[in-house]
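Notes for the structure review
Residue-level listing of the chains:
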Amino acid sequence: MSDSTPSVPAAQKSRHLDGLAVEVKGLRKVFRVSGGSGGRRHHLFVAVEDASFSLEQGHSLGIVGESGSGKTTIARMLVGIEPASGGTIIVAGRDRSASTKRTAERRRRGSEMQIVFQDPYTSLDPRQSINGCINEVLKLHLTMTESERRQRIIELLDQVGLTERQGLVLPKNLSGGQRQRVAIARALAAEPAVLVLDEAVSALDVSIQAQIINLLNDIRERTNMAFIFISHNLAVVRQVTDQTLVLKKGVVVEQGATEKILDAPEDDYTKLLLASVPEPGWKPRRVSVD
Amino acid sequence: MTHLLEIDHLSVDLVTHRRYRKVLQDVSITVEKAEVVSLVGESGSGKSMTARSVLNLLPAQGKMSGNIAFEGQSLMDNTNKDWQRFRATKAAMIFQDPRASINPVHRIGDFLTEALVHNRDMDRHEALERAATILEQVGIDDAKRRLRQFPHELSGGMLQRVMIASVLLIEPQLILADEPTTALDVTTQADVIAILDDQRAQREMAMLFITHDLELAAAFSDRIAVMYAGYIVEVSTPAQLHARPLHPYTAALLRSRPLLHERTERLPQISGRPLSAFEAPPGCPFQDRCPYVQAQCSESLPPTQLINGSIVRCHRANELELASTASADAGTEGGQSRE
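Procedures and definitions
Residues numbered from 1 in each chain as written. Chains lettered and ligands numbered in written order. Predicted model: local features only at pLDDT ≥ 70, side-chain atom pairs only at ≥ 80, totals over all residues. Helix = DSSP H or I, 4+ residues; strand = E, 2+ residues; numbered from the N terminus. Rg over C-alpha atoms; globule rule 2.2 N^0.38 Å. Buried ≥ 20, exposed ≤ 12 C-beta atoms within 10 Å, placed from the backbone. Contact = placed C-beta atoms within 7 Å. Core = buried A, V, L, I, M, F, W, Y, C linked by C-beta atoms within 7 Å. Domains from an automatic or database assignment. Nonpolar A, V, L, I, M, F, W, Y, C, P; charged D, E, K, R; others polar. pLDDT = per-residue confidence, 0-100. Pairing = 2+ DSSP bridges. Axes fitted to C-alpha atoms, helices over the stretch in contact; angles between N-to-C directions.

1. Digging into the overall build of chain B
The helix and strand tally for chain B stands at twelve helices and twelve strands. By the compact-globule yardstick of 20 Å for 339 residues, chain B fits well, its C-alpha radius of gyration being 21 Å. In chain B, which comprises 339 residues, the share counted as buried stands at 49%. Taking the contacts inside chain B whose residues are at least 6 apart along the sequence as the reference set, 65% of them involve residues at least 24 apart.

Now the structure itself:
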């Protein structure tokens with residue numbers, strides 16, 4: 001990975017308001033599930049119940065929990081893939097609780113918050129070159145001349161440790177770790193105030209995971225961007241977040257400073273999660289029957 | 001002494017893109033009765049292929065050389081029928097994704113009893129009784145009802161327990177487990193590992209456990225083999241591996257993990273990416289990413305050497321002093337050599 005520190009455009013630091021990057025109050029998601037028991041056609045499934053949190057510029061929030069905890073549903077509501085059933089979401093000072101069909105508004109929301117998904121194999125267009133994929137985002141969200149865009153693409157690739165030459169190829173020519181860097185570069189291209197990472201390092205090999213974690217920490221230091229880091233991996237969350245929220249079946253069971261939650265957890269579920277992580281001296285225990 | 005499983009100088013080539021490519025190179029490892037040996041490595045390191053070779057489950061046109069012996073008998077001249085018998089009685093595999101490897105249109109009971117009824121000529125009712133007993137032993141309540149259910153009615157953790165039950169049922173001497181808990185939540189993983197290890201130990205079965213998770217491997221293995229680019233680069237006990245890794249790759253892998261109990265200012269990362277066996281340069285496969293590389297590393301493949309009971313494949317293993325944590329070597333400038 002390159003050690004050079006590419007200049008961050010002034011715009012990236014000042015485009016969004018100072019203070020809170022994200023403010024979420026009473027967020028709720030209810031899914032209508034067809035079928036189900038008791039002869040009813042539908043039943044309601046509460047995926048997220050009354051989640052509230054806030055995140056300052058330049059800070060990083062971890063959302064941890066197991067499958068079915070609602071962590072990905074929260075991410076999807078934040079970026080607007082999924083409409084919220086209740087509560088408010090304010091990103092970069094603007095309310096986005098209601099979904100919108102207006103192109104301009106959707107584009108603006110995209111420029112405020114970007115997301116990196118878990119699987120770098122399915123989140124890139126297989127027929128589009130890396131340069132093309134980043135160029136598209138720059139065209140959409142920023143006003144730049146073609147040569148400025150070309151320059152910026154090189155900067156972005158360098159920032160995530162990819163070469164100019166790698167920008168010319170198709171995703172299939174890159175490894176999983178390299179593709180995940182492309183996904184990160186593409187998200188950074190929009191110069192968002194907030195970057196949501198949904199299990200973005202989970203599928204990576206350990207040696208690549210370390211590279212991406214360091215990269216993310218570098219970006220946060222350089223740009224004042226806020227991160228929402230969704231993960232089941234508590235060691236990774238310790239490494240990249242300062243605040244953490246623990247979710248269990250849609251309910252926030254504990255939230256606060258990451259160090260406090262990992263060093264002195266109060267909720268039994270958080271304790272169970274910590275006790276389940278293999279580490280030196282760990283003995284597997286029969287803990288739960290699902 | 002006869003080993004339960006002895007893999008000796010195994011090399012495997014597979015056809016990809018119409019040409020043969022190396023996936024395993026000179027792999028030698030033994031597993032004793034009731035012993036747990038973990039194969040640890042990153043993607044493409046060859047750990048799954050090693051396990052598949054043992055059961056002759058390589059993709060079509062795969063070429064194997066070297067020797068695999070079970071209880072002292074070579075398996076290399078096995079006919080298809082011999083392999084079938086071997087897989088039905090001596091060794092069985094637990095795969096990563098139970099949903100992909102359990103037939104979705106058959107009931108759990110049919111899946112569990114198939115091997116007993118067909119290979120052991122057991123009466124179906126007796127087989128179902130046995131299956132119910134084992135399901136309860138792997139922590140599944142209401143076993144009789146579960147036997148009538150279909151795979152989609154069970155959660156992932158539950159289904160992996162069914163998979164474990166299916167392996168225990170045929171009472172093999174060797175279990176091969178290929179990332180059996182990678183797709184599961186951490187609490188479910190703890191549960192499934194506890195059950196697997198408990199039941200295995202009670203029956204004195206040996207296990208070859210494949211994982212990318214060094215800590216998980218350390219938790220219940222007797223020995224750990226670290227693989228890189230198709231080679232085994234180090235074999236050691238968990239305690240020794242974590243205290244004093246001998247291969248620079250092992251040390252780098254250990255140091256690059258984020259730790260649960262302390263934040264590392266900056267994770268010591270390994271540059272580059274893990275290589276597959278066919279991409280590895282001549283000489284040491286790790287040379288391009290190794291901070292201790294010297295001229296000899298590109299000149300010849302390091303032989304395996306025995307140091308303090310551990311096996312290592314590194315030219316400089318005798319002189320290097322490596323640390324397994326980032327903090328441990330803060331004072332020694334990244335774990336410099338002794339010279």
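2. A few points about the overall build of chain A
When helices and strands are tallied, chain A shows ten helices and ten strands. Over its C-alpha atoms chain A spans a radius of gyration of 20 Å, differing by no more than 12% from the 19 Å that the globule rule assigns to 290 residues. For chain A, the C-alpha atoms occupy an extent of roughly 60 × 50 × 40 Å along the three principal directions. Across the 290 residues of chain A, 44% fall into the buried class. Within chain A, counting contacts between residues at least 6 apart in sequence, those at least 24 apart form 68% of the total.

3. Concerning the nonpolar core
A general tendency of soluble globular proteins is for nonpolar side chains to be buried together. Grouped together as the largest cluster of nonpolar side chains are 182 residues, with contacts concentrated most on Val194, Val196 and Ile228 of chain A together with Ala131, Ala165 and Leu174 of chain B. It is helix α7 (residues 156–169) of chain B that contributes the most residues to this core, nine residues altogether. A domain split of this core shows at least three residues from each of domain 1 (5–225) and domain 2 (250–332) of chain B. If sequence neighbours within four positions are ignored, valine 196 of chain A has contacts with Ala75, Leu78, Val79, Met113, Ile115 and Ile228 of chain A.

4. So, the interface of chain A and chain B
Many descriptions give the size of an interface as the accessible area lost when the pieces come together. Listed by partner, the interface residues are 34 residues for chain A and 39 residues for chain B. Contributions of two or more residues to the side of chain A that touches chain B are made by α7 (206–223), α8 (234–240) and α10 (268–275) of chain A. Looking at which element gives the most residues to the side of chain A that touches chain B, the answer is α7 of chain A, with seven residues. In terms of residue class, the side of chain A that touches chain B is built from 16 nonpolar, ten polar and eight charged.

5. Quick look at the confidence of the model for chain A
Residues and elements named next belong to chain A. Per-residue confidence for chain A averages 87 on the pLDDT scale, and 90% of its residues sit at or above 70. Mean pLDDT in chain A bottoms out at helix α1 (residues 10–14), which sits at 42, and peaks at strand β10 (residues 251–257), which reaches 97. A low-confidence stretch, residues 1–17 stays under pLDDT 50, and its non-local contacts, those more than four residues away or across chains, total 24 contacts.

6. What about helix α1 (residues 47–54) of chain B?
Of all the eight residues making up α1 of chain B, eight are buried; the element is thus mostly covered by neighbouring parts of the structure. Those residues of α1 of chain B lying buried are Lys47, Ser48, Met49, Thr50, Ala51, Arg52, Ser53 and Val54 of chain B.

7. Details of the sheet that holds strand β12 (residues 310–312) of chain B
The pairing of strands in a sheet comes from backbone hydrogen bonds and takes either a parallel or an antiparallel form. Residues and elements named next belong to chain B. Spatial ordering of the open sheet is given by β6-β7-β8-β3-β9-β10-β12-β11, a layout of eight strands whose pairing is mixed. Two strands bound the open sheet, and with one partner strand each, they are β6 (91–94) and β11 (305–307). For this sheet the average axis-to-axis angle between neighbouring strands, irrespective of direction, equals 20°. Two elements, β6 and strand β7 (residues 174–178), share four bridges in a ladder whose sense is parallel. Residue pairing across strands places alanine 91 opposite leucine 174, the latter belonging to β7.

8. A short note on the domain arrangement of chain B
All names here are of chain B. Parsing chain B into structural domains produces domain 1 (5–225) and domain 2 (250–332). Once you take the C-alpha centre of each, domain 1 and domain 2 turn out to be 30 Å apart. Counting residues at the interface gives eleven residues for domain 1 and six residues for domain 2. A total of five residues in the side of domain 1 that touches domain 2 trace back to one element, the largest contributor, which is strand β2 (residues 19–31). Along the lines of polarity and charge, the residues of the side of domain 1 that touches domain 2 split into three nonpolar, five polar and three charged.

9. Quick word on the sheet that holds strand β1 (residues 5–16) of chain B
All names here are of chain B. Pairing is antiparallel in the open sheet, where four strands are placed in the order β2-β1-β4-β5. Looking at the sheet topology across the chains shown, the edges are occupied by β2 and β5 (73–74). Relative to strand β4 (residues 63–70), β1 is paired through seven bridges, and the arrangement is antiparallel. Across the sheet, leucine 5 pairs through a bridge with phenylalanine 70, a residue of β4.

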